[in-house]
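Examination of the molecular architecture
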Amino acid sequence: MKTLSICTIALIGLLILRTVAATAADQTDPAPAPLKDEFSKQENIYRSQGDAVPEGYTVDRTLALYSDALHPEFSRSLAAMGPQERWLDIGAGSGRAVLDYLAPDYEPPRPYGTPAVGGKAQVVAISIEDRRTPLWQSTAARLPDRQLKYLTGKRLRDYTLAELGRFRIITDVIGGFSYSADLSLFMQKALDFLDLNGSFYTVLQDVHSESVGNAPYYKDAPYLTEIRNADGSEVKVCSWLKSISCVEVSCEFKTGWKPPIETFHIRKICDEVKVPALIPVHFQAGTPPERRFLLAR
Ligand SMILES: C[S@@+](CC[C@H](N)C(=O)[O-])C[C@H]1O[C@@H](n2cnc3c(N)ncnc32)[C@H](O)[C@@H]1O
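Residues numbered from 1 in each chain as written. Predicted model: local features only at pLDDT ≥ 70, side-chain atom pairs only at ≥ 80, totals over all residues.

**A word on the sheet that holds strand E4 (residues 167–172)**
Strands in a sheet are paired, the pairing made by backbone hydrogen bonds, and the direction either parallel or antiparallel. The strand order across the open sheet built from 7 strands is E3-E2-E1-E4-E5-E9-E8, with neighbouring strands paired in mixed fashion. Only two strands of the sheet have a single neighbouring strand rather than two, namely strand E3 (148–152) and strand E8 (247–254). Direction aside, the axes of adjacent strands within the sheet are offset by 15° on average. Summarising the sheet, strand E1 (residues 86–90) and E4 pair through 3 bridges and their orientation is parallel. (Pairing = 2+ DSSP bridges. Helix = DSSP H or I, 4+ residues; strand = E, 2+ residues; numbered from the N terminus. Axes fitted to C-alpha atoms, helices over the stretch in contact; angles between N-to-C directions.)

And the structure:
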């Protein structure tokens, strides 16, 4: 009976995975009605403009908020980046954090005595929908092309290495890491775009932290992102990240945010990155969506 139920869960998961993968790549592909509904609600959130933007869909977090949300090492690594190095912001929204960094009067704080790096890094911001503002346009107009790019109309998974290249720092603040329906593919792609010894800084809201026994933030609701083994036991997101080969991971719980967040620093230490596959078994549209995954063994 137990074996049957594990097989059944895995089979359902695999069927959903194939549908999710097809649907995420091409919204016209057939999908079971409930999932299709959720994907189309999610697309409406991305496409929303003006008063129709849901209250929780924040697209203009500042660099100061990024620094607050991300691992403390983020600000230090950004300050150490010179003009030959590259920063990718996945799920950049309006790109406010990137614009703050490139503002002429902004100097990244460096520890006393650290030599100046002779200019700012090159930045690429990606977002499914185009949320560029007049400030973006005027900033782009005064900078050389290679210093600031905004790519839109595709998800991270749809870019090739030839299109994007590699980056010293990748950030994702409630972007694709929180929104993607296929988390393991998202991670594999993000790590492919990272330089050796480069760092990926990201966060999740309302997730079961590695170090703290936090309950789900909303009463009678699950955590926003959950991973389970086939026998139903929990796999914390931090543990799953630590099981990826060729990375060093540190996870920190932060209570100052509502809901609280767990912040992840993932450093790539060799090239043979292999991300343990996750099968999507639940997706409910939202800001961010509610997602559940099955760890494939
Ligand atoms: C809530 S906004 C966050 C914007 C910004 N990081 C901030 O904090 O203000 C979510 C962003 O993630 C983007 N996004 C969601 N899934 C993505 C994916 N798989 N690849 C790239 N961008 C994605 C959306 O298009 C949007 O730009």
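**Some details on helix H2 (residues 33–47)**
Across its 15 residues, H2 extends 21 Å between first and last C-alpha, which sits within 8% of the 21 Å expected from 1.5 Å per residue. The set of residues buried in H2 consists of Glu38, Phe39 and Gln42. Along the long axis of H2, the arc covered by the buried residues comes to 95°, so they all point the same way. Pointing more than 90 degrees away from the buried face of H2 are the exposed residues Ala33, Asn44 and Arg47. (Expected span 1.5 Å × (residues − 1). Buried ≥ 20, exposed ≤ 12 C-beta atoms within 10 Å, placed from the backbone. Arc of directions from axis to C-beta.)

**Re the site of the ligand**
Looking at the ligand, there are 23 residues lining it, with Arg61, Gly91, Gly93, Ser127 and Gly176 nearest. Every element with two or more residues in the shell around the ligand is listed here: strand E2 (122–127) and helix H8 (176–179). Each residue belonging to the shell around the ligand can be placed in one class, and the counts come to 12 nonpolar, 7 polar and 4 charged. (Near = placed C-beta within 6 Å. Nonpolar A, V, L, I, M, F, W, Y, C, P; charged D, E, K, R; others polar.)

**A short note on the pairing of E4**
Of all 6 residues that make up E4, 6 are buried, and the element is covered over most of its length. Where E4 meets strand E5 (residues 194–205), 5 bridges bridge the pair, whose relative direction is parallel. From the neighbouring strand, Ile170 faces E5, where its bridge partner is Phe200.

**Considering the pairing of E2**
Two faces belong to every sheet, and in a regular strand the side chains alternate between them. For E2, the tally of buried residues reaches 6 of 6 residues, placing the bulk of the element in the interior. Of the two faces of E2, the one lined by Gln122, Val124 and Ile126 and the one lined by Val123, Ala125 and Ser127 are each fully buried. In this sheet, E2 lies alongside E1 in parallel orientation, the contact comprising 5 bridges. Looking across to E2, one finds that Asp89 is bridged to Ala125. Each parallel crossover has a hand, and for E1 linked through helix H5 (residues 96–102) to E2 it is right-handed. Between the parallel elements E2 and E3, the chain passes through helix H6 (residues 134–142) in a crossover that is right-handed. (Right-handed = clockwise from strand over helix to strand, strands pointing away.)

**Some remarks on the nonpolar core**
If you look at the biggest cluster of nonpolar residues, it comprises 60 residues, and the most contacted ones within it are Val123, Ile170, Ala190 and Val203. No other element matches the 6 residues that helix H9 (residues 183–192) contributes to this core. For Val203, the contacting residues outside a window of four places in its chain are Ala69, Leu70, Val173, Ile174, Ile261, Glu262, Thr263 and Phe264. (Core = buried A, V, L, I, M, F, W, Y, C linked by C-beta atoms within 7 Å. Contact = placed C-beta atoms within 7 Å.)

**Considerations on the sheet that holds strand E6 (residues 225–228)**
Ordered in space as E7-E6-E11-E10, the 4 strands form an open sheet in which the pairing is mixed. Of all strands in the sheet, those bounded by a partner on one side alone are strand E7 (234–235) and strand E10 (278–284). Where E6 and E7 come together, 2 bridges link them in antiparallel fashion. Bridged to Arg228 within E7 is Glu234.

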